[in-house]
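Inside the fold
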Amino acid sequence: MTSTYKDSGTASLNDEEEFTDILEERRRNTDLGYALRTFNPQPYKGAPSCSTSDLNKAVLESQYLRYIAKEIALETGSSVEKVRQEARGILEEMSHNLQLGFIRLMAYTFNKVFKRLFRSIYVNMEGLNMLQQAIQESPVILMPNHRSYVDFLIVSFVLFTYDIPIPVIAAGIPLASMKVVGEILRRSGAFFIRRAIGSDKLYWAVLSEYVRTIVRTGCAPLEFYVEGFRSRTLKSVVPKLGMMDMVLEPYFKGEVFDITLVPISISYDRVVEESLLALELLGVPKPKESTTGLFKASRVLQEDYGCMHVNFGRPLSVRQLCEGKINRSEYNLIPRDLPQRPSTEIQDCVNWLAHLIVRTQEEGALISPWSLMACLLLQAPITTLTEEGLQWHGLTEKTLWLRKLVLDFRGRLNWPAHTPDSDVMSSTVALHHSIVHHKAGRVYLVQDGNPASQDPLSPEEKVMRTAAAVLMLVSYRNQAFHVFVRPGILATAIHITKSTQKDELFSFFCFLRDVFSNEFIFIPGRASQDFDEACSLLQKCGAVHISQQEVTVLETGLEVLSFLQKLLQPFLESYQLIFRYLCENGAHVFTEKQFLPAVRNLATKLILSGDLHTFEVLSSDTQKNVLSALRRLEAVTKLRASQQNEYKVNKAAVRRTGDILSGKIPPESLHAIPDARL
Amino acid sequence: MASNSSGSDSSDRQRIAQQRLSVIAGHLQRPVEGNSGILAAECKAQGDKLDVSSERRTVPRRRQEIMKWNGWGYSDSKFLYNKKGQAEFTGKRYRLSGMIIPGLREWMESTFGANLQHKTPAAPILNSSVVQPPTLNEAFLKELKSTGIPFSHDAEDRVFRSHGHCLHEIFALREGKIGRVPDLVVWPNCHNDVVKIVELACKHNVCLIPYGGGTSVSSALECPPEETRSIVSLDTSQMNRILWIDEKNLTAHVEAGIVGQDLERLLNESGYCTGHEPDSMEFSSLGGWVATRASGMKKNIYGNIEDLVVHIKMVTPRGVIEKSCQGPRMSTGPDVHHFIMGSEGTLGVVTEVTMKIRPMPEYQKYGSVVFPNFEMGVACLREVARQRCAPASIRLMDNEQFKFGHALKPQVSSIFTSFLDGLKKFYITKFKGFDPNRLCVATLLFEGDREKVLQHEKQVYDIAAKFGGLAAGEDNGQRGYMLTFVIAYLRDLGMDYYVIGESFETSMPWDRVLDICRNVKARIVRECKDKGVQFPPLSTCRVTQTYDAGACVYFYFAFNYRGLSDPVHVYEQVEHAAREEILANGGSLSHHHGVGKLRKEWMRETISSVGMGMLKSVKDYVDPNNIFGNRNLL
């Protein structure tokens, strides 16, 4: 087989992208030879060579840090020298120590590991070429999604392979505390950021100056996860803005001509930590990152994880994107070295850009056949999956139907070409033997169980066991969700309002978009574009007919609409359940610690009694998203004074939101749609 | 006016002036040539005053006698490629005149992709038939005639006063395209003539546009196309006398029409100078400097125009505005001089100015310093400013401009000099390791008494050394300054070969100098690419002035427009974008070129709505009928 193939998916114009398997050549040559290859990248043209110690010195001696140090000294009453000493300590803990030798070591190790884990690692060469070009023109920010620990150094690995400057990477501090590994990561370019920095002013100052100095000097590409952390649900996470602010500030302040953002979409056929993620979502604490843990995890090396795709997106010019959106002259009146709170205009722009990047990552992600199957499996009744089994034949037919729909919806599908569909189906199921198995023409959900030797499980434990398997399915479904979400919301709006009036549907669409904006990525201010997109996709697949005023459902479209509506059903059910909990539960004030298990208990009870059909409400991710949504809708407020995350409920507002969601009252009564300026 | 001052003062002043006159009489031997019309400078109203100087002036009433109608400067001076294809500068006026410039052709070809085969010659003569016939206000004309003030409605005279030197203005002239031009040109001879003209203009509702040296680069002289009244260009060029020199207070009282080179030359004859030397000083006038808030290259010693002016007399539709005394500083509310300075001809005509003068410097010395890169150069200038030890002039040219300056090196006569040049180059690039594509050069001009100059020089070179600077000789320095006088001539050469360009300037705080230079240059390159310019543009800058709190930066921008259907439009779009970039990065709308009509759109964001209102209310009071209707600034 050749090492390249065409991405058979997207309907967009540039879908003739070629992916190259970078492991293929590795398999043919020695790992050592590869690790010791000459590495001679072309750096950013304006960049002076800048050693780690130069960088740290520049940060410590910056006017900005001096200013902040003085301010802190004044506030706390300690001496400036002491504060600066503290800053030095923070920087030491934080800073990377990129060394080519360690990159080689990393490359060598990764070669070994990756060749074992994956059949192929596909990279789009066109994206790499554009990146190579972009790196010479302006400071580049690499923005991958984060779905697995495995992808932490994958970008460095690819760039090393193709002679492109190695990035410095923002990482969470727990990685740094791993013995040896932490240091290796540091020397491979990682710098470490504490979680929950909160209001530690000095820490913020050191971090932001560090990041800005890297961008300003362009000494190395900067890589960070705009989603902030690894997505436990394999769904895109609403972007965090802290790093984004720091990274973009040098452009806003005119310290660089432009900044290039490169969204990178990493997709997996099978995620290494799939079961851990599900357990974590169910409240089983995640194992602490430790070196011994890493070795224990080595049994994962025995497994087959299929292919990995690293899709380098088209480089985006911040200058072009911000054109006309912001007025940079607001920075003219304060010395640039001093901290300045950006205007709401700039903040909105940063938020918009961050969302745009995540959306672009989504669009660049490849959807595997397994994700399609997961969508369908989840629509079957749970007893079918656990007991009777789902008809293989029916599943195959439905999956092929869905494949067509995904293509209609311009999804980027990773469906092997030149292979009979039945082979694709069965090899996919084989790859995911940890979740389903195929036996005698039927498919069953694998329930990771302790063998019968143990005591029989209690009904609650059984629910949890099933939930773990279901949540794994859910996460693979989520990999494809971005393709369906906009038409799905429209389908839901049609289903709930029973209306054909475009404006009525639009306002319900906006309401749902608003309620679910922690679940799915919506670019702020683009409600009407999202609606139009949803309309045109549904029209394209023959589900509806759109006229000036009306959206009419076509007979031929019922299958699509029902599929989409069922796809979103778990979210609606979960939200309603939690709304109900908040309204019926006596307390007006609760903490997050009480809230999560209480909801989980209620849900378990209802599942057992057959009143609730979704397991997704058991996921802490869903629960937290509901809370965030309610806070956004101002039905729940966080009490400032409290230390342990106390919330206050406005029950009437929660009830009203629930009533709108179930279609009892129209959504106009809710607060206005955010302005569509951006 | 003389009558304002007490008798004793006046006679004192006259006595001193008289003495002065006899002292310098020796300098004034050059015979007065024909042109009696222009030399009949005696103005009745000024009869009681002494004209300190009676030398022939540079600017005749009929400018066309010595100047180009569609390009920069004197008709006899221009760049051209001779039959051998070598660049040559004609005439006898400049240091470069009559010389071959061997490097220019290659520079033009390699920088712009220009080619001697692809010519874009200008229309050779002004075709008077394309000039619209004048709209004359007969009543005004009749009364004007009775005053005896010279005037003309000859097409050439009018066209000459219809433009400044913006690219689009010159480009249109070269193509023989003439838009709205003044209907009449008047040449007042003195303050009182101006008073009469303004009175008549008010009486007959005629639009007046003051015209000084015609060197505007802000579209300030363009006649507003929407103006329906008769437009009269008020040419101050014949009001060009130094009325008196006050040696006790070191001031000179000068008519505002005098051009820089005359003012300097005449004062020099008395042993004095103003030290005000804008790059346009050959042609720009004192009144123009006041009206645009001009800046001279030696402002570090002498100050900008606002520092030099002691007293101003301006004729407005409301009457004459002037202060009652010549105190060096006053606390009498907002300084009314600052309504006048920068008013760009919207409020009235500046007729007489009392200016500070200084004894001519004993010693002058050029110098230059090469830096490994622009960043180091800027850091050095900043340090020089911090120590407040800037020489009379200090300028930092970027790498592109350094190469440009190099291309203008005249043919060297001796093998020895070229050998030395080679050696210098070797020393800097090979021995010192400077990258020839990154190094940049600062040019210096020191002035003062010899000993102090040498001391000062050492101080500056010591600072430069700390920033990796190497002294690079006087010659490089001098050539740098020459560049500023011939650049406008060079633009005409470029326009003969599909190359158009212009300069623009701004000022900014020190911490933004590097960013603005980099971002604006990059923006120009990107915009050119986006707008379909086929060749990479020249996008270069220099830091031309240093201040305590910031600097002035000058950009040159030019490109080869072959393949573009509307090059001027493209040019304007790029310049517009560059200005946006400047403002977004914290640069000012203008350091000394002024606003005119070209940069009006940014005035409100520059000075705030309240600021606009303040200026408007002044305009409304001073000139309610918009007699001074050039529509600049607001």
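Note that the structure is predicted; figures quoted are calculated from it, not measured.

1. Focus: the interface of chain B and chain A
- In this complex, chain B contributes 13 residues to the contact, which on the side of chain A involves 16 residues.
- Surface buried jointly by chain B and chain A totals about 1200 Å² across both partners, of which 32% is contributed by carbon and sulfur atoms.
- The largest contributions to the chain B side of the interface with chain A come from Arg512(B), Arg526(B) and Ala584(B), which together make up 41% of the buried area.
- On inspection of chain B and its partner chain A, the count reaches five salt bridges.
- Arg336(A) serves as the salt-bridge partner of Asp511(B), at 3.9 Å between the closest nitrogen and oxygen.
- Counting across the chain B and chain A interface gives 13 residue pairs in polar contact (both at pLDDT 80 or more).
- Among the elements that line the side of chain B that touches chain A, the one with the most residues is helix 18 (residues 513-530) of chain B, at six residues.

2. Topic: the pairing of strand 15 (residues 363-371) of chain B
Residue and element names in this part refer to chain B.
- In terms of burial, strand 15 is a largely internal element, seven of the nine residues being buried.
- Judged from the nine bridges that link them, strand 15 and strand 17 (residues 440-448) form a sheet pairing that is antiparallel. In the sheet register, Tyr366 faces strand 17, and the bridge partner there is Leu445.
- In the sheet, strand 15 pairs with strand 18 (residues 470-471) via two bridges, with the strands oriented antiparallel. Within strand 18, the position partnered with Val370 by the bridge is Leu470.

3. Brief notes about the state of the cysteines
- Enumeration according to the criterion identifies zero disulfides over all chains in this entry.
- Here Cys517(B) is not disulfide-linked; the sulfur of Cys541(B) is the nearest cysteine sulfur, at 3.6 Å.

4. A word on the sheet that holds strand 12 (residues 319-321) of chain B
Residues and elements named next belong to chain B.
- With respect to topology, five strands assemble into an open sheet ordered 8-9-13-11-12, the strand pairing being antiparallel. Every interior strand has two partners, whereas the edge strands, strand 8 (242-246) and strand 12, have only one. Averaged over all adjacent pairs, the angle separating strand axes in this sheet is 10°, with direction ignored.
- Pairing of strand 11 (residues 309-316) with strand 13 (residues 349-356) involves six bridges; the strand directions are antiparallel. Residue pairing in the sheet places Val309 in a bridge with Met355 of strand 13.
- The strands touched by helix 7 (residues 191-204) within the sheet are strand 11, strand 12 and strand 13, with strand 11 carrying the most contacts at an inclination of about 35°.
- Along the sheet, helix 8 (residues 260-269) contacts strand 8, strand 9 (251-255) and strand 13; its crossing angle with strand 8, the most-contacted strand, is approximately 45°.

5. Quick notes on a nonpolar patch on the surface
- There is a patch of nonpolar side chains on the surface, built from Phe426(B), Tyr427(B) and Phe431(B) and spanning about 360 Å² of accessible area.
- Along the chain, Phe426(B) turns up in helix 15 (residues 415-431).

6. Quick word on helix 7 (residues 125-137) of chain A
- Spanning 13 residues, helix 7 of chain A covers 19 Å between terminal C-alpha atoms, matching the ideal 18 Å at 1.5 Å per step.
- Looking at the packing, one finds that the buried side of helix 7 of chain A touches strand 3 (120-124), strand 4 (140-144), helix 8 (154-161), strand 8 (260-268) and strand 9 (307-312) of chain A.

7. Examining the packing of aromatic side chains
Residue and element names in this part refer to chain B.
- For the structure on display, the rule yields 44 aromatic pairs over all chains.
- Relative to Phe89, the ring of Phe79 has its centre 4.5 Å away and its plane inclined at 40°; by these criteria the two rings are tilted. Placement of Phe79 in strand 1 (residues 79-81) and of Phe89 in strand 2 (residues 87-89) is noted, with a sequence separation of 10 residues between them. Note on accessibility: Phe79 and Phe89 belong to one class, buried.

8. Here we look at the confidence of the model for chain A
All names here are of chain A.
- In this model, chain A carries a mean pLDDT of 88, and residues with pLDDT of at least 70 account for 91%.
- Ignoring residues within four places in sequence, the model shows residues 1-16, a span with pLDDT below 50, making 41 contacts including any to other chains.
- Counting interchain partners and residues more than four positions distant, the pLDDT-below-50 stretch residues 669-678 has 21 contacts.

What counts, and where the lines are drawn
Along every chain, residues carry numbers that run from 1 in the direction the sequence is written. In the order they appear in the text, chains get letters beginning with A and ligands get numbers beginning with 1. Note on the predicted model: pLDDT of at least 70 is required for a residue's local features to be given, and 80 or more for side-chain atom pairs to be given and counted; whole-chain, interface and lining totals, by contrast, use all residues. Only heavy atoms go into the side-chain values, all of them from the structure, while hydrogens and water stay out. Residue contacts are defined here by distance: any two heavy atoms, one from each residue, within 4.5 Å place the two residues in contact. For any pair of parts, buried area is found by adding up, for both, the accessible area (1.4 Å probe) each one loses once the two are put together. Note on definitions: salt bridges are taken to be side-chain nitrogens of Lys or Arg within 4 Å of carboxyl oxygens of Asp or Glu. A 3.5 Å cut-off defines polar contacts: any pair of N or O atoms within that distance qualifies, except that in protein one atom must be a possible hydrogen donor and the other a possible acceptor, and neighbouring residues in sequence count only when both atoms are side-chain atoms. Numbered from the N terminus, helices here are DSSP runs of H or I no shorter than four residues, and strands are runs of E no shorter than two. The cut-offs for exposure are 20% and 50% of the maximum accessible area for each residue type, with area from a 1.4 Å probe on protein chains only; residues under the lower value are buried, those over the upper are exposed, and the others partly exposed. When DSSP finds at least two bridges between two strands, those strands are taken to pair. A pair of cysteine sulfur atoms is labelled a disulfide when the two atoms are within 2.5 Å. Every axis in this analysis is a line fitted to C-alpha atoms, fitted for helices over the stretch in contact. Angles between the N-to-C directions lie between 0 and 180 degrees. Only residues whose relative accessible area exceeds 30% and that form no salt bridge are eligible for patches; like-charged ones are grouped when within 9 Å, while nonpolar side chains (Val, Leu, Ile, Met, Phe, Trp, Tyr) are grouped when within 5 Å. Computed with the Shrake-Rupley method and a 1.4 Å probe, the accessible areas treat only the protein chains shown as cover for residues. Residue count minus one, scaled by 1.5 Å, sets the expected span of a helix. Centres within 6.5 Å are what make two rings of Phe, Tyr or Trp a pair, Trp counting through its six-membered ring; a difference in plane orientation under 30 degrees is then read as stacked, over 60 as edge-to-face, and the rest as tilted. Confidence of the predictor in every single residue is expressed as pLDDT, which spans 0 to 100.

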